[in-house]
Amino acid sequence: MTPALAVRRGVHVLVVAVADGVWVRLAVERALRDLGWVAAWSPADADVLAVCGSPADAEAAAVKQLWQQLPGPRARVDLATADDVAASLARCAAALDDGGLQAVLAREADDAAQEAGRGRGEMDHNRHDEMEHGDHSDMQHGGGHDQMNHGEMEHGDMEMSGPAGIPLAEGADDDRDELEMDAWHVVLGPGLPGWPAGLVLRTTLHGDVVTALETVAAPASGSPGDLGGPADLGGPGDRSGPDGPVPHAALLADAAATVLDLAGWGVAAASARRARDDLLDGRAPGPVADALERLARRVRRSVLLRWSLQGPGRRRAAPRPSAGRVVRLRLLALLDAAAALLRNPAHPVGREPAEEPEALADLAVGQELGTLRLLVASLALDARAVAHA
Amino acid sequence: MPDITQAAPVWAALVPLGLLALASAGAVVAGVSATRMRGGAVLAGVISPFTETSRLLRQRRRVPVAADRVLWHVAIGGIPVVAVLMVVVVPIGPVVLADSPVGIVWFNAMDVLLWALWWLAGWGPNSAHPLIAGHRFLGLALAYELPLMFALTAPAVAAGSLRVADVAAAQHGLWFAVWMPVAFAVYLLSTLAFSSWGPFAVAAHADLAGGVLAETSGVDRWLMLAGRHLVLAAGALMAVPLFLGGGAGPLLGPVVWTVLKALAVLMFLELAAGRLPLIRPERFAELGWVVLLPVTVLQVLVAAVVALGGA
């Protein structure tokens, strides 16, 4: 550990994993825990952008947009493999304190912002003066995670452009609940907290309710060898190579931690994450399995989680399980499967063909955006991309 | 009429500082809790609010394209201001800054202002996730506000006054928290809710990329994060005269007791973060209207009967 790391505390890191970056992400998250750094929830909150894996073209464009949204002082690190994580983060900490470098980056951001402002000003003359008089140093391209959506719509629907060239919501064809609703589109992709690597969804929303869902990009299954998982990540022994049961259990625990995080249960998520890190550190699987079983019991018993996700239990059985109920059952299945894999490495868990991301639409339509996030997380796509290779 | 003096207006300058000190204590508790959860050291948690402050004050501010700057910054700056305005009617021992005869109504009016501020914080940045989060807060607010109003009414009815000092003085011997547990519990829940904290942090959570916080950076972000702790601290401070007997207590003076009681309530509120799953607004709406509203009305009825019997 370098002195720079000892000085710099509480750095917020936006961890973006692209399709082949799952193992790298785990190594980065482990390193963050050791350093006492924090995973950011959005680019505006981040000091460091950590790109895990090797982005393809479309992903690289999205990553670039995320990078442009870091307010600065900022640093970016591209990690193709998990070998060099600690040293790379140390270099980021040093870069954040490098005044000269930060001045250059700030000028770059200002120039990019001015360019974006000019581009938008031409599109919409009403807002032109605001762009010019605005706090030009901070004007940025794109409005957060919907930035890709803005970019996409501008080219397709120029005649509908609203303020600053951003299209207004359009009227929906179908009226839900006899209310006339506006429909708008939000693209969900890399950069969101707990978002699976390689997945991009285009949602149509009525307010906050998902009415349509389109998979723009789905995670491609690679072979574990391609996933950048170095031998030392899995610890010693043939059972714990990146494709063995122990790393698989770690990925399942990781998925459970993500669901718990999105459900707001930080303590439980931290337990799941500790189990994951213990497995990747090569600890004995027995005690970890105990911990996971304890956690599963706790989650199963939580009246509050059950009520919050699936509502009061007295309702008659619906013809189809509700989305919240599916999330809770999948979460429990993830924890059970992780523990079962550790108890019995030959356990067939998670090897059966799982639901495809396309099946999401059936459950997610009619749900609130947050429930969609939970549904996506409960699919454990990161674990499956590795397991089903 | 209890023995209470109204402080000279010049003391108003101390109110924000005092509240900030209380909120800092709360932020330290929250920081230690969050750091321990992640497996970090206690010391790192103690200093985490201050490292975060130094980080954010050195960060540049970012404004998304076509943001509604005026309304956004009204929201960002408004939350700490509302927190300070909440506590001007709270007596600290024998002194109060504004000895209003309708102090409880004033407090209630300030917490209703938070509806507008949280929603504007979502509207302002012109970004999908904050916008949805702002509306989520309104959904939550529709569920907690009426029960909160009745929870605030119960101590006022029991004391026969809307003046906060009168309410504190009316609890000689027996705290309202003891014989009005429902009102007290609803008050604490609502404080968490209007601070967007703990299981009610639905408007500022990871499932919406940080919600109303998603686009804030630098000093804007600091004001919003600090504003949450300030509002929590204000709620904790108000709980003391309303439910915990005000400054009454043995040995130590009323000022010390007020601060100690506020710290205890604040610690309880701060520790709620991360320990319970989020309560989704649509669920809480059901609970708020079907359960909490009737039971708080009953609580007011009980308070009224007791007050009439005692009169």
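Quick caveat: nothing in here was measured; it's all calculated off a predicted structure.

1. Looking at the overall build of chain A
1) Next: When you go through chain A residue by residue, the secondary structure sums to 15 helices and eight strands.
2) Next: Looking at chain A as a whole, 52% of its 389 residues qualify as buried.
3) Next: Within chain A, counting contacts between residues at least 6 apart in sequence, those at least 24 apart form 68% of the total.

2. Focus: the environment of His135 of chain B
1) Next: Of note, His135 of chain B is situated in helix H5 (residues 128-159).
2) Next: The exposure class of His135 of chain B is partly exposed, given the 18 C-beta atoms found within 10 Å.
3) Next: For the pair His135 of chain B and Gly122 of chain B, spaced 13 residues apart in sequence, the C-alpha to C-alpha distance is 7.6 Å.
4) Next: Those residues in contact with His135 of chain B that lie beyond four places of it in its chain are Gly207 and Asp208 of chain A together with Gly122 of chain B.

3. Observations concerning the sheet that holds strand E3 (residues 48-52) of chain A
Residues and elements named next belong to chain A.
1) Next: Sheet architecture is open: four strands sit in the order E2-E1-E3-E4, paired in parallel fashion. Looking along the sheet, the strands with just one partner apiece sit at the ends: strand E2 (38-39) and strand E4 (75-79).
2) Next: Sheet topology note: the E3/E4 ladder contains five bridges and is parallel. Residue pairing for E4: Cys52 is matched across the bridge by Leu79.

4. Looking at the interface of chain A and chain B
1) Next: Listed per partner, the contact involves 54 residues of chain A and 48 residues of chain B.
2) Next: Among the elements of the structure, helix H5 (99-123), helix H8 (245-262), helix H9 (266-280), helix H11 (303-310) and helix H14 (369-378) of chain A are those that each provide at least two residues to the side of chain A that touches chain B.
3) Next: A per-class count over the side of chain A that touches chain B returns 23 nonpolar, 19 polar and twelve charged.

5. A closer look at the sheet that holds strand E5 (residues 170-171) of chain A
All names here are of chain A.
1) Next: Strand order in the open sheet made by the four strands is E5-E6-E7-E8, with antiparallel pairing throughout. Both edges of this open sheet fall to E5 and strand E8 (209-217), since each of them pairs with a single strand only.
2) Next: Both strand E7 (residues 200-206) and E8 contribute to a ladder of seven bridges, which runs antiparallel. Among the inter-strand pairings, Leu201 is bridged to a residue of E8, identified as Thr215.

6. Observations regarding the confidence of the model for chain A
All names here are of chain A.
1) Next: Summarising the model, chain A shows a mean pLDDT of 76, and 70% of its residues fall at 70 or more.
2) Next: Between the elements of chain A, mean pLDDT differs from a low of 37, seen in helix H6 (residues 128-133), to a high of 93, seen in strand E1 (residues 12-17).
3) Next: In this model residues 1-5 is a low-confidence stretch, pLDDT under 50, and it forms eight contacts with partners more than four residues away in sequence or in other chains.

7. A few points about the nonpolar core
1) Next: By size, the foremost hydrophobic cluster in this structure holds 224 residues, and its most contacted members are Val13, Ala50, Leu252, Ala253, Ala256 and Ala338 of chain A.
2) Next: By residue number, the principal contributor to this core is H5 of chain B, which donates 18 residues.

8. Let's talk about the pairing of E3 of chain A
Residue and element names in this part refer to chain A.
1) Next: The buried fraction of E3 is high, at five of five residues.
2) Next: Neither face of E3 is left uncovered, since the one carrying Val48, Ala50 and Cys52 and the one carrying Leu49 and Val51 both have all their residues buried.
3) Next: Across five bridges, E1 lies against E3 in parallel orientation. When the bridges of E3 are listed, Val15 appears paired with Ala50.
4) Next: This β-α-β element, E3 to helix H3 (residues 57-69) to E4, shows right-handed connectivity.

9. A few points about the packing of H8 of chain A against H9 of chain A
All names here are of chain A.
1) Next: Taken N-terminus to C-terminus, the directions of H8 and H9 make an angle of 160 degrees; their axes are 8 Å apart at the nearest point. Relative to H9, the element H8 lies roughly antiparallel. The hand of the H8/H9 crossing is left-handed. In contact with Val246, Ala249, Ala250, Ala253, Asp254, Ala256, Ala257, Leu260 and Asp261 of H8, H9 contributes Ala268, Ala269, Ala272, Arg273, Ala275, Arg276, Leu279 and Leu280.
2) Next: The class makeup of the residues in the contact of H8 with H9 is 13 nonpolar, no polar and four charged.

10. Considerations on H11 of chain A
1) Next: Within H11 of chain A the residues assigned to the buried category are Leu305, Ser308 and Leu309 of chain A. Each buried residue of H11 of chain A sits inside an arc of 90 degrees when the element is viewed along its axis, so together they form one side.
2) Next: Residues of H11 of chain A that are buried in the fold lie against helix H10 (285-301) and helix H12 (323-343) of chain A together with helix H11 (281-310) of chain B.
3) Next: Gly311 of chain A occupies a position one or two residues after H11 of chain A and carries a positive phi of about 80 degrees.

11. Let's talk about unusual backbone geometry
1) Next: Following Gly72 of chain A, the chain continues into Pro73 of chain A via a peptide bond in cis, with omega recorded as 0 degrees.
2) Next: Inspection of the secondary structure puts Pro73 of chain A in the loop between H3 and E4.
3) Next: We note that Ala380 of chain A has phi near 55 degrees; this positive angle belongs to a residue other than glycine.
4) Next: Along the chain, Ala380 of chain A turns up in the loop between H14 and helix H15 (381-387).
5) Next: The class for Ala380 of chain A is buried, based on 25 C-beta atoms found within 10 Å.
6) Next: Backbone geometry at Ala66 of chain B places phi at a positive 55 degrees, although glycine is not the residue there.
7) Next: In this structure Ala66 of chain B comes out as buried when scored by C-beta crowding, with 23 C-beta atoms within 10 Å.

12. Section: H10 of chain A
Residue and element names in this part refer to chain A.
1) Next: Counted at 1.5 Å a residue, the expected span for H10 with its 17 residues is 24 Å, and the 24 Å between its end C-alpha atoms agrees.
2) Next: Here H10 has its buried residues at Pro285, Val288, Ala289, Leu292, Leu295, Ala296 and Val299. Seen from one end, H10 has its buried residues packed into an arc of 125 degrees, which puts them on one side. Turned more than 90 degrees off the buried face of H10, the exposed positions are Gly286, Pro287, Arg297 and Arg301.
3) Next: If you follow the buried residues of H10, they end up packed against H8, H9, H11 and H12.

Reading guide: rules and limits
- Residues numbered from 1 in each chain as written.
- Chains lettered and ligands numbered in written order.
- Predicted model: local features only at pLDDT ≥ 70, side-chain atom pairs only at ≥ 80, totals over all residues.
- Helix = DSSP H or I, 4+ residues; strand = E, 2+ residues; numbered from the N terminus.
- Buried ≥ 20, exposed ≤ 12 C-beta atoms within 10 Å, placed from the backbone.
- Contact = placed C-beta atoms within 7 Å.
- Pairing = 2+ DSSP bridges.
- Nonpolar A, V, L, I, M, F, W, Y, C, P; charged D, E, K, R; others polar.
- pLDDT = per-residue confidence, 0-100.
- Core = buried A, V, L, I, M, F, W, Y, C linked by C-beta atoms within 7 Å.
- Right-handed = clockwise from strand over helix to strand, strands pointing away.
- Axes fitted to C-alpha atoms, helices over the stretch in contact; angles between N-to-C directions.
- Parallel < 35°, antiparallel > 145°, perpendicular 65-115°, else oblique.
- Left-handed = near helix turned anticlockwise from the far one by under 90°.
- Arc of directions from axis to C-beta.
- Expected span 1.5 Å × (residues − 1).

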